Amino acid sequence: MGDPIQLKEDGNKHFQAGNIDEAIESYTEAIKTCKDKKVLAVIYRNRSACYLKKGNFANAASDATKAIDVDASDVKALYRRCQALEKLGKLDMAFKDVQRCATIEPKNKTFLETLRKLGAEIQAKLKTTFSTDSRVQNMFDMLLDEEMETDKREKAANNLIVLSREDAGAERIFQNNGVPLLVNMIETGKPQMILSAIRTLSGMCTGHKARAMAIIHMVGIDKMCSIMAVDNEEIVLAVGNLFQCINDSLTGGDKREYGKEEALVLDAAKDLKSILLSLLEMVGSKKISGHGRDQALNLLSKNVPRKHKKEQDHTRALFTIDHGLKKILKVCGQVPELPDQLSLTDNTQLIASVLLNRLYDDLKCDPERDNFRDICAEYVKSKIDPNDMDRTIHAINTISGLLQGPFDVGNALVGRQGVMEMMVALCGSEREVDQMVAVEALIHSSSKMSRASFIITNGVSLLKDIYKKTKNEKIKIRALVGLCKLGSAGGDDYSMRQFAEGSTEKLAKQCRKWLCNPQIDTKTRKWAIEGLAYLTNDADVKDDFVEDEFSMKAMFDLAKSKDKTILYAVACILINCTNCYDKKEILPEMVQLAKFSKQHVPEQHPKDKKDFIERRVKRLLKAGVTSALSVMVKADNSVLTDQTKEMLARVFLALSEDPKDRGTIVAQGGGKALIPLALEGTEAGKIKACHAIARIASISNPEFAFPGERVYEVVRPLVNLLHTDRDGFQNYEALRGLTNLAGYSEKLRVKIVKEKALPEIENYMFEDHDQIRQAATECMCNLVSCKEVQERYMEDGNDKLKLLVLLCGEDDDTLQIAAAGALAMLTAAQKKLCNKLTLVTTQWLEILQRLCLSSHPMIQHRGLVIVNNMLNSDDSELAKKLIECELLEILTVIGKAEDNPKRQEVIDVARTCLVKAMELGLIKPFSSPS
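Each chain carries its own residue numbering, running from 1 in the direction its sequence is written. For this predicted model, a pLDDT threshold of at least 70 governs which residues receive local features, and a threshold of 80 or more governs which side-chain atom pairs are given and counted, while totals over whole chains, interfaces and linings are taken from all residues. Hydrogens and waters are ignored; side-chain quantities use all the structure's heavy atoms.

Engineer: Help me out: how do you make sense of the overall build of the protein in this one?
Structural biologist: Helix and strand content of the protein: 55 helices and 0 strands. Computation of the radius of gyration draws on C-alpha atoms, with the globule rule given as 2.2 Å multiplied by the number of residues to the power 0.38. For 930 residues, the compact-globule formula gives about 30 Å, and the C-alpha radius of gyration of the protein, at 39 Å, lies well above that figure. In terms of its C-alpha atoms, the protein occupies a principal-axis envelope of roughly 115 × 95 × 60 Å. Note on classification: 1.4 Å probe, protein chains only; a residue is buried when its accessible area is under 20% of the maximum for its type, exposed when over 50%, partly exposed between these limits. For the protein, the residues scored as buried account for 53% of the 930 residues in total. Working rule for contacts: check all heavy atoms of both residues, and any pair within 4.5 Å makes them a contact. Partitioning the intrachain contacts of the protein with sequence separation of at least 6 by distance along the chain shows that 68% fall at a separation of at least 24. Secondary structure follows DSSP: runs of H or I at least 4 residues long count as helices, runs of E at least 2 residues long count as strands, and numbering of each begins at the N terminus.

Engineer: Would you mind going over the confidence of the model for the protein with me for this structure?
Structural biologist: In low-pLDDT segments, the atomic positions of the prediction should not be examined closely. Every residue gets a pLDDT, meaning the predictor's confidence in that residue, from 0 to 100. The pLDDT averaged across the protein works out to 85; a share of 90% of its residues lies at or above 70. Scored below 50 in pLDDT, residues 258–265 shows 8 contacts in the model against residues more than four places distant or in partner chains.

Engineer: What exactly am I supposed to notice about unusual backbone geometry here?
Structural biologist: A negative phi holds for most residues other than glycine; trans holds for most peptide bonds. Of note in this structure, N579 is not a glycine but carries a positive phi near 50°. Tracing the sequence through the fold places N579 in the loop between α32 (567–578) and α33 (588–596).

Engineer: Even after reading the chapter, I still don't get the packing of aromatic side chains, so can you show me in this structure?
Structural biologist: Each aromatic ring pair is described using two quantities: the centre-to-centre distance and the angle formed by the ring planes. Two aromatic rings from Phe, Tyr or Trp, using only the six-membered ring of Trp, form a pair when their centres are within 6.5 Å; if the ring planes differ by under 30 degrees the pair is stacked, by over 60 it is edge-to-face, and anything between is tilted. Applying the stated criterion across every chain, the model contains 2 aromatic pairs. Ring centres of Y79 and F111 lie 5.2 Å apart, and the angle between their planes is 45°; this geometry places the pair in the tilted category. Residue Y79 is found in helix α5 (residues 75–87), and its partner F111 is found in helix α7 (residues 109–130); the two are separated by 32 residues along the sequence. The same class applies to Y79 as to F111, namely buried. With 5.1 Å between their ring centres and 55° between their planes, Y360 and F372 make a pair best called tilted. Here Y360, found in helix α19 (residues 348–361), pairs with F372, found in helix α20 (residues 366–383); they are 12 residues apart in sequence, far enough to count as distant. Residue class for Y360 comes out buried when judged on its relative accessible area of 10%.

Engineer: Looking at this structure, I do not really get the pattern of salt bridges. What am I missing?
Structural biologist: Should a side-chain nitrogen of Lys or Arg be within 4 Å of a carboxyl oxygen of Asp or Glu, the pair is scored as a salt bridge. A complete count under the given rule lists 46 salt bridges for this structure. For D543, the salt bridge identified is with R615, shortest N-O distance 2.7 Å. Separated by 72 residues along the polypeptide, D543 in helix α30 (residues 539–547) and R615 in helix α34 (residues 610–623) bring together distant segments of the chain. On the accessibility criterion, D543 (4% relative accessible area) is buried. Judged by its relative accessible area of 40%, R615 is partly exposed. Across the pair D770 and R773 runs a salt bridge, and its minimum N-O distance is 3.1 Å. Taken as a pair, D770 and R773 lie in helix α46 (residues 770–783) at a separation of 3 residues, close to a single helical turn.

Engineer: Looking at this model, I keep getting lost on a negative patch on the surface. Mind explaining?
Structural biologist: Patch building starts from residues that exceed 30% relative accessible area and form no salt bridge, then joins like charges within 9 Å and nonpolar side chains (Val, Leu, Ile, Met, Phe, Trp, Tyr) within 5 Å. Areas reported here follow the Shrake-Rupley algorithm with a probe of radius 1.4 Å; residue values treat only the protein chains shown as occluding. Positive charge is attributed to Lys and Arg, negative charge to Asp and Glu, and no charge count is given to His or to the chain ends. Think of each charge as sitting on NZ of Lys, CZ of Arg, CG of Asp or CD of Glu. A contiguous patch of negative charge on the surface is contributed by E788, E791, E795 and D796. Looking at the element boundaries, E791 is found in helix α47 (residues 787–794).

Engineer: Whenever I open this one, empty space enclosed by the protein confuses me. Can you help?
Structural biologist: The method is simple in principle: a probe with the dimensions of a water molecule rolls over the atoms, and the space it marks as empty is what remains. Cavity: a set of points on a 1 Å grid over the protein atoms alone where a 1.4 Å probe fits but cannot get out. Pocket: an open set with protein on both sides within 12 Å along at least five of seven lines, its lining residues, like those of a cavity, having an atom within 4 Å of a point. Grid points are joined across faces, edges and corners, and a volume is the space filled by probe spheres set on the points. According to the stated counting rule, one finds 2 cavities of 30 Å³ or more in the structure shown. V805, C808, L823, L837, W844, I847, L848 and L851 are the residues that line the second largest cavity. Per-element accounting of the lining of the second largest cavity gives the leading share, 4 residues, to helix α51 (residues 844–852). Under the convention adopted here, Pro, Cys and the residues Ala, Val, Leu, Ile, Met, Phe, Trp and Tyr are nonpolar, Asp, Glu, Lys and Arg are charged, and Gly plus all remaining residues are polar. Its residues placed into classes, the lining of the second largest cavity shows 8 nonpolar, no polar and no charged.

Written out as structure tokens, the structure reads:
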């Protein structure tokens, strides 16, 4: 074996002569025999230089690392590893090495130049790596690589979705021939790839009219419809969202200026019409899955009727009625128990009924309504055939669908000669499917008192007979619901009971028994809830129901299921149990007058009094009603109508009545569930939801009640309650909610200002009502740290500052604390306001002294802080004016007091004021005789 030192020297000579391979051989032999760590480190460092020359950068970095392991400050080894790592593309690691070199030898120009160069390269690489072009290209490369692992390709597809939601990313995908690639992804037939492709297309279409139109033509409406026809709910929903994004972009959601490109995107009417016709075709097609049909109906329901009745153009509704009304009626008339029916889900027929109702409501004049009724009447008549019972029950089922939608149209058909008789006759049919359809039609047609009276006279005995004789649970429960509905025809009027005492309780008990039976299918158990929805008009039934925890939990479980047709019935039960429906106030004088004239006077059930209602609310909360409501609100479905939303909002408001229960509502997700109810639905429903939000926001930690970004969505509903047309209690709760939010973060304060809440809050600071004025002042106190609010107080020509000063002189402690707190923060933030304060009213000094003399420590502290701010305002005349009055005596008395933990803040501020006065030369320090 050779001498390692000699071998090292041989290696050095070979290196200097340019014989790199021989040098590597010598160093390698030396490494094998060398035992001295320091010498070994030098040999490794030298061999690293050889590998650098040969371009073998991995080995160069490895040898340099071995040298550095022995001596961490080996500059040559560090620099060689830096060079190797740079060539390997590991710029950040190379940068760290040369940074260490420059630290050891700060004047070495080579190190400094390399440091600068690597820094620039890293910046350029970062820019390229994170640029949209590069990200899109990387995603495409991965998706196109057939050998790439499946999970990596799916991850790349999901990354494309995220990119498509940025305008720059969407444009880059589009420009990089992305649409054909996305179509190829769809063609793979793999659900995850299809979903990713559809969602990426949705992102690209959102808010961009030109891209939306291009994608329609590149992908094709027929292709989109064929994807929406599959029996995969997730894919169907994604395609529905794509259609919605396209519709929004083509109908005015896109506000951008296109300039020269405007000519390309002028008229989208033809595409919109094609989409409408395709959706109508899907409604009645046998090739469509139930989920696909639901989504087509949902899209029509969302986009065909006018969103606001003020809009003049309702041609889409007229076009839909002319080209698709019979198709929608066909869906309503389907009887799943018969062969050769359309594919449906549990929700399909109710969604179709909702669409019919919205179309009918969208009509403007009698001729249009007559046309609608005529088409319906003609369709039903064409299906009635005494010799074909399947066609006849289709007609009856269609009437049921109309009764659940545009009731007047369905009611008119029921009133036609022979229809009611046919329904009654079908009840006596031997076929169970005939009985089931007929009983359902009877139930739906008895929604008006006059019709109910007819059925009570002619059909109750028949329903009872069916109920007793049939062995089919599905028919039995429907017959029971018919009896329940007829039994509740008097509503909650205690004097208008249709049946004998105790009958409704017996019916309700049977409904609860079915509801809690897991052996019965969901669709049948749903009818038990329908029955209870009618029977809970009776307060005895309400009380029994809330005492039955198993029944309540069974109902909540069903409310969370996929069958959304149940939502309305559950909402009705909750409305009845909480008594949160509108009740007309009955004046005693009017009651006496009605009795005198022998008119009917509604009577309140003894169990509908306040203490009973409160107890029912507690029971519902304990059973988990809030979590059920939260799930119901999330239903992305036309079944969740504006009327149902209003009912849910009313229930939330009733549940939040007691402040002690609001924590439970928050814990079960009620806070975030209320936000959509406050933004969409009927005007009354939105106000109720806003009020419930205000109650929660006023006493809850916003971070927990409205997690994440949702907290910013709460501001608008609260501001909506500040309008003068809302009642005083709503104003008060909204102000308290805004106060809590304003004290939470600067971002929320800015949001409140942006929502134009300040003028309303200022108006309520003038309010005569003590509590509202106090709440408004507290809200302003939390807002004044916001710069925009301070600027409003700086403006001339208003009484804002004067009002705050005068409110400080009020007798109410809480009001004084809020007003003085606002003044203290304003004068601390804006020195100019210190002088302005003295000009707004001649009583300012008197009020300020009163604050400083207050027996309430918080008021006194705020008053002294204002004095301190004024002394520090750089206005010598103002400081002099303060010290020359009685304030000096007040400050002296407080400042000389002994330390007291309960009043220490007050004492410390007084002493600070005295020190400042001495610094200004306004008073001299007290000196005792020697």
